[in-house]
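In case you want the letters, here they are:
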Amino acid sequence: MRKKIALVSIVVAIIGLTIDIILARGAVGGLYINLMGVNIPDIIFGFSGLNYINVFFNMLLLTGGILLLKNGKEKRLIRYVFSLVLFSKVLWLLIIFIALIIEIFKGFDAQYIWFILLAVVAYSAWGALAYFILRYFQKEVPLEVVIKNDFDSLVQASKWKRVVNRLADFTIMVLLLFPYLKELVFSGFMRSFTREPGGEVVAQIILILFIAVLQVLYYFTFELVFQATPGKMLTGTRVITSDGGKPSVKQLFIRSTTRLVPFEAFSVFGNLWHDSWSDTYVVNEKREGVSGAAYFLIFPIYAVLAGGIYAGLEAYRTMQYKKRNMEIFEHNKEVLMSGLDKLTDKYFITLSEGFTEEQSFLKVERIDGDSITFIYIDANDSFNNYSTDQYEVERFYSAKKDSLPQFTISKKQLKAAIDTEYKEDDIYSNNKGKPILNNGRNYVVSDISEWFGAALKLDAIDIYEREEGQNISISVYNIGYPAVIEKVIDNTDSGINWEENYPIELSTSISYGNLSFISGTGEDIEKVDVNVFVKDSANSVRIYNLKSDDPENGAGVLKRIK
């Protein structure tokens, strides 16, 4: 049986670690995946996308499983982690039950019943597995016995073990109860008290009583069922009566409530009050595995492992970030270079000054071979009642073009002002700019586009889980003429069903409230390749292609193809 438990522990730990990594990468369906894992809320211990406390306990379980499989004796780590699993799943089931009661009174939404049932089955299965393993070890592990004066005597746990017990139990209570306490503190129920005179005192009393009840239930329930809390399972100790038997309900209730007495915790270095007042004792179980001191090596070892995992994830993210930036840079360079060969009198060239974000604009007026005459619009000096959005620049040009300065520039000069080499050390631009206007200022070409029409831009790609499959939402905005999306055509057999709620009106603002959305549904959305047909207020139709090989991470490229 111990070998089977060891194998189950190893499998559960590997599943848990795999889930932690999947969720750290931002996988869709995390809510459903979490039903399978030994998961601890990451409200306070998740950073860089990874819940390191989850990883720590899964590593503990993996270590315990390997040790038990190897020597058939070491069981403390397994008992400790599975006691945490049992506690967390019972908490979840209790929360689901309370939420159901509330929803029934509010008007229950039956469409979520299947997920609630799935959660109840999953958490019940986890809880039953943990309970079975803990009960098995409770029966199989004997107490430590020594001979004194020709009599068998049980060995009381040392003071240091008692300190470790308290710290381990406190850790579990903080990890599992803190998120719910936080929800209670910021709930409307608690805030309703703070609005009344003296209400803050009432709220504090309610919070203290809530914590006290949870603590009593924690100790009382574990010691009633297993004669040991998770902390005692970790140190291999157990609660007994003076004759070596199982404490009564009354004794355990006194023992658990006594812990609420002020300064009771400090009695650990003397005669513990919750022991003496309840006439109970904490004794050692027979040690079958490694010494307790060896357990302290786990923490520095896992600290190094956690550091390695963190460094590895950060290196991976940095690599992906650099790769994506390089792809964007190469795409932008290609667009700029090809734009020079497409110039007409409807094109604008956007200039940036070195590392700054200040913009100026060149409007094509005449093209004579390699020489191009532009009207120059200096947004820094000229724009008072206009913004630098495309539509506003077009309005400014139409109103002021007769009074704006002109420059003649060669295509060679413009090409020199385009970044052609990607370097990581430059934040905004690797090209410090070229003096293409001979006005004492250096410029970088940042955009070459045909204006006087709609100008569709990509804001974000988001994928959400739904009851069956996934939803995809592509947010876009328009910086040119007022326009509408007439239709969307999928270029692949991706299986995405795009919503046909056309025409979709496009605003001329980038603010969130004015974004427009292209939405669809699919089973497993891995790629996006669509053509978006946009018709502006001048009845001109432009076609844009949107491609994404990694839509789950929001990566995508939108470019005009016609």
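Residues numbered from 1 in each chain as written. Predicted model: local features only at pLDDT ≥ 70, side-chain atom pairs only at ≥ 80, totals over all residues. Heavy atoms only, no water.

Chemist: Looking at this structure, how should I read the overall build of the protein chain?
Modeler: Scanning the protein chain for helices and strands turns up 15 helices and 20 strands. Every one of the 562 residues in the protein chain was classed for burial, and the buried ones make up 42%. Looking at the protein chain alone, contacts between residues at least 24 apart form 66% of all its contacts between residues at least 6 apart. Accessible area for the protein chain stands at about 29,800 Å²; split by element, carbon and sulfur atoms hold 59% of it. (Helix = DSSP H or I, 4+ residues; strand = E, 2+ residues; numbered from the N terminus. Buried < 20%, exposed > 50% of the residue type's maximum accessible area, 1.4 Å probe, protein only. Contact = heavy atoms within 4.5 Å. Areas by Shrake-Rupley, 256 points an atom, 1.4 Å probe, with all protein chains shown as cover.)

Chemist: What is the right way to read the sheet that holds strand S17 (residues 516-522) from this model?
Modeler: Hydrogen bonding along the main chain pairs the strands of a sheet, whether they run parallel or antiparallel. Pairing is antiparallel across the open sheet formed by four strands, whose spatial order is S12-S13-S17-S15. Since the sheet does not close on itself, it has two edges, and those belong to strand S12 (456-465) and strand S15 (497-498), each with one partner. Here nine bridges tie S12 to strand S13 (residues 470-478), and the two strands are oriented antiparallel to one another. Residue pairing for S13: Leu-458 is matched across the bridge by Val-476. (Pairing = 2+ DSSP bridges.)

Chemist: How should I be thinking about a nonpolar patch on the surface in this particular structure?
Modeler: Taken together, Leu-94, Phe-97, Ile-98 and Ile-101 make up a surface patch of nonpolar side chains, about 370 Å² in accessible area. As for its position among the elements, Leu-94 is in helix H4 (residues 76-106). (Patch = residues over 30% accessible without salt bridge, like charges linked within 9 Å, V, L, I, M, F, W, Y side chains within 5 Å. Salt bridge = Lys/Arg side-chain N within 4 Å of Asp/Glu carboxyl O.)

Chemist: Could you clarify how one ought to interpret the packing of aromatic side chains in this entry?
Modeler: For any two aromatic rings, the description comes down to two numbers: the centre-to-centre distance and the angle of the planes. Applying the stated rule across the entire model yields 15 aromatic pairs. Among the aromatic side chains, those forming a connected cluster through ring pairs are Phe-87, Tyr-131, Tyr-218, Tyr-219, Phe-222 and Phe-226. Above the plane of the ring of Tyr-219 lies Arg-259, whose end atom (NZ or CZ) is 3.7 Å from the centre. A cation sits over an aromatic face here: Lys-487 above Phe-533, 4.6 Å from the ring centre. (Phe/Tyr/Trp six-rings, centres within 6.5 Å; stacked < 30°, edge-to-face > 60°. Lys NZ or Arg CZ within 6 Å of the ring centre and 35° of its normal.)

Chemist: In this structure, what is going on with the sheet that holds strand S10 (residues 406-410)? I would like to understand it.
Modeler: Taken together, five strands build an open sheet; the order of strands is S10-S9-S8-S7-S11 and the sheet is antiparallel. Only two strands of the sheet have a single neighbouring strand rather than two, namely S10 and strand S11 (444-450). Neighbour-to-neighbour, the strand axes of the sheet open up by a mean angle of 35 degrees, direction not taken into account. Sheet topology places strand S9 (residues 371-378) next to S10; five bridges connect them, and they run antiparallel. Bridging from a neighbouring strand, Ile-372 pairs with Ile-409 of S10. Docked against the sheet, helix H14 (residues 390-400) engages strand S7 (347-352), strand S8 (359-368) and S9, running at close to 105 degrees with respect to S9. (Axes fitted to C-alpha atoms, helices over the stretch in contact; angles between N-to-C directions.)

Chemist: Where do I start with helix H10 (residues 249-258) in this structure?
Modeler: Because an α-helix completes one turn every 3.6 residues, residues spaced three or four positions apart along the sequence face the same direction. Among the residues of H10, Gln-251, Leu-252, Arg-255, Ser-256 and Thr-258 are the ones counted as buried. The buried residues of H10 occupy one face: seen down the axis, they fall within an arc of 165 degrees. (Arc of directions from axis to C-beta.)

Chemist: Help me out: how do you make sense of the confidence of the model for the protein chain in this one?
Modeler: Do not read the predicted coordinates in detail wherever pLDDT is low. Here the protein chain shows a mean pLDDT of 77. Residues at 70 or above account for 78%. Summarising per-element confidence for the protein chain, the mean pLDDT is lowest in helix H2 (residues 30-33) (38) and highest in H10 (90). When the criterion is pLDDT under 50, residues 26-37 qualifies, and its contacts beyond four places in sequence or with other chains add up to 33 contacts. Predicted confidence for residues 40-48 stays below pLDDT 50, and this span has 27 contacts to residues more than four positions away or in other chains. (pLDDT = per-residue confidence, 0-100.)

Chemist: Before we go on, may I ask you to explain the side chain of Arg-79 in this structure?
Modeler: Mapped onto the elements of the fold, Arg-79 is located in helix H4. According to the relative accessible area criterion, Arg-79 is buried, its value standing at 2%. Sequence-distant contacts of Arg-79, that is, excluding residues within four places in its chain, are made with Leu-134, Phe-137, Val-141, Met-233 and Glu-285.

Chemist: Quick question: what am I supposed to make of the side chain of Asn-165 here?
Modeler: Of note, Asn-165 is situated in helix H6 (residues 159-185). Residue contacts for Asn-165: discarding those within four places in its chain leaves Gly-231, Lys-232, Thr-235 and Thr-237.

Chemist: Where do I start with the nonpolar core in this structure?
Modeler: In globular proteins that are soluble, nonpolar side chains generally tend to be buried together. In this structure, Phe-57, Leu-60, Ile-78, Phe-82, Phe-87 and Phe-137 are the most contacted members of the largest nonpolar core, which totals 48 residues. Per-element accounting of this core gives the leading share, ten residues, to H4. Aside from chain neighbours lying at most four places away, what touches Phe-137 is Arg-2, Ile-5, Leu-68, Lys-75, Ile-78 and Arg-79. Counting 23 residues, the second-largest nonpolar core is a separate cluster that includes Leu-456, Ile-485, Val-488 and Ile-518. (Core = buried A, V, L, I, M, F, W, Y, C linked by side-chain atoms within 4.5 Å.)

Chemist: Mind showing me how you'd approach the environment of Phe-97 here?
Modeler: On the secondary structure map, Phe-97 appears in helix H4. For the pair Phe-97 and Val-120, spaced 23 residues apart in the sequence, the C-alpha separation amounts to 9.3 Å.

Chemist: I'm lost on the pattern of salt bridges in this one. Help?
Modeler: A side chain with one charge may pair with a side chain of the opposite charge, provided their charged atoms come close. Enumeration over the complete set of coordinates arrives at twelve salt bridges. The partner of Asp-378 in a salt bridge is Arg-441, with the nearest N and O atoms 3.0 Å apart. Here Asp-378, found in strand S9, pairs with Arg-441, found in the loop between helix H15 (411-416) and S11; they are 63 residues apart in sequence, far enough to count as distant. Each of Arg-162, Glu-223, Lys-232, Arg-255, Arg-259 and Asp-275 takes part in salt bridges that share partners, so that together they form one network.

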